[in-house]
Amino acid sequence: MPPPSPFELQWLSRIDQLSAEQWDALFTDAPPFCRYAFLHALELSGCVGGQSGWMPYHLCIRRQGQIVALAPGYLKRHSYGEYVFDWSWADAYQHHGLTYYPKWISAVPFSPVTGPRLALAPGIQRQALLAAITPQLHQHGLALGLSGMQWLFPGREESLALSRQQWRQRLDIQFHWHNRGYSNFEQFTDTLTARRRKAIRKERRCAEGLSIERFEGASITPALWQQFFLFYQLTYAKRSGHGGYLNQAFFDALGRTLTDNLVLIMARRGSHWLAGALYLKHQGCLYGRYWGCSEAIDDLHFELCYYQGIDYCIDHRLSRFDAGAQGEHKLRRGFEPTLTYSNHWVFQPQFDQAIAAFVDQETERVQQRLHEYRRLLPFKST
């Protein structure tokens, strides 16, 4: 019989069962999405909890009473808002008369952003901790009647550490822009083929006759937040038939608590606002997150969500621009393919074996796509 684990697992149904200082002490260098203010805003606004299908179930790990690790976590009754797709797994469970939900995930709701999922206190060794707690997680998941557990968008090293403890690794691809010391947008486009430069110049003409303005931090007024939220709602309703995962209270909370991380870029014609894109920034990286408009203008999405973001990175010497999940069309605009990771444990042995075969095949396909995307990058040959 293995010796008892020195680590105690505590499960939190609200993030405010800890203080912001306790949480952020372990997420000091993490993107803002992992920090207390962002996760608390989701809970306070009701974007998670209630009937959302996202029930907060954060993991706090203690040793001799001291917090040594934290993970944002949720009990899920669907797979919406995760950006790691397991609908086919859920369908297979249902086809065999089994229940796939609830499951537990460590993730940031509605935010496909790579970052720490299991943040550690100084002196704690990740591999030793995972070896000790994985059996405890398995036992707890079975006791709750979960189909399994997942870690979504951990960093590469964290994902590899999970893999060594038999958490099956999945790969996917996002497209990120990298700033190679450009002094202006034209210097960046000079690195592209003539065909792509011409196409980008054509797309950027959509802004002719419009005023595009940047607002940062405290300069984003309540009126601007209200206008932006209207754009967000209208765009989600047109695309998905509902007003979006997030509400006005969430954006208002961001404006109060993450002031230093916010960039809002808005477009107007005369005095009439037409569209807006909200970004977050942190330690050399710009994150494009939310967008909306009240009037369909060809290519304005590309201008506000991609080209203005690139401009901002160049002006502020940010090294990387993460413009969100999926989107092969980003490739043509100078965004480069980047691997993302997730790790999974399915408790039902029969399905675990089937999913292992699926993941092996999927990994091979993703690697082939990555190779093809790199071949298709629009940069001039060197």
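Quick notes on the rules
Residues numbered from 1 in each chain as written. Predicted model: local features only at pLDDT ≥ 70, side-chain atom pairs only at ≥ 80, totals over all residues. Heavy atoms only, no water. Salt bridge = Lys/Arg side-chain N within 4 Å of Asp/Glu carboxyl O. Helix = DSSP H or I, 4+ residues; strand = E, 2+ residues; numbered from the N terminus. Buried < 20%, exposed > 50% of the residue type's maximum accessible area, 1.4 Å probe, protein only. Contact = heavy atoms within 4.5 Å. Polar contact = N/O pair within 3.5 Å; in protein donor to acceptor, adjacent residues only side chain to side chain. Core = buried A, V, L, I, M, F, W, Y, C linked by side-chain atoms within 4.5 Å. Pairing = 2+ DSSP bridges. Axes fitted to C-alpha atoms, helices over the stretch in contact; angles between N-to-C directions.

**Quick notes on the pattern of salt bridges**
Working step 1: Under the defined criterion, the tally for this structure stands at 19 salt bridges.
Working step 2: Here K103 and E82 are joined by a salt bridge, their closest N and O atoms 2.9 Å apart. Residue K103 is found in strand β6 (residues 103–106), and its partner E82 is found in the loop between β5 (73–76) and α3 (87–95); the two are separated by 21 residues along the sequence.
Working step 3: Given a relative accessible area of 3%, E82 falls into the buried group.
Working step 4: Its salt-bridge partner being R204, residue D311 comes within 2.8 Å of it at the nearest N-O pair. Residue D311 is found in helix α10 (residues 300–316), and its partner R204 is found in helix α7 (residues 194–204); the two are separated by 107 residues along the sequence.
Working step 5: Residue D311 is classed as buried on the basis of its relative accessible area of 15%.

**Quick look at the environment of R204**
Working step 1: Expressed as a C-alpha distance, the spacing of R204 and L300, which sit 96 residues apart in the sequence, is 7.9 Å.
Working step 2: Contact partners of R204, with chain neighbours within four places excluded, come to F185, E303, Y307, Q308 and D311.
Working step 3: Polar contacts involving the side chain of R204 include one to the side chain of E303, which spans 2.7 Å.

**Focus on the nonpolar core**
Working step 1: Judged by nonpolar contacts, the single largest core of 55 residues is most densely connected at F38, L42, L246, F250, F251 and Y290.
Working step 2: Those elements that provide at least two residues to this core are α1 (20–26), α2 (36–44), β4 (66–71), α8 (222–240), α9 (248–257), β11 (262–269), β12 (272–282) and β13 (285–293).
Working step 3: Among the elements that make up this core, the one with the highest residue count is α8 (seven residues).
Working step 4: F175, A275, L300 and C305 belong to the second largest nonpolar core, which has 40 residues in total.

**Re the sheet that holds strand β7 (residues 119–120)**
Working step 1: Here four strands make up an open sheet; going across it, the order is β1-β3-β4-β7 and the pairing antiparallel. Edge positions in the sheet fall to β1 (8–12) and β7, since each of these pairs with one other strand and no more.
Working step 2: In terms of strand pairing, β1 meets strand β3 (residues 58–63) through five bridges, oriented antiparallel. The partner of Q10 across the bridge, within β3, is C60.
Working step 3: Packed on one face of the sheet, helix α4 (residues 126–144) meets β1, β3, β4 and β7 and runs near 60° to β1.

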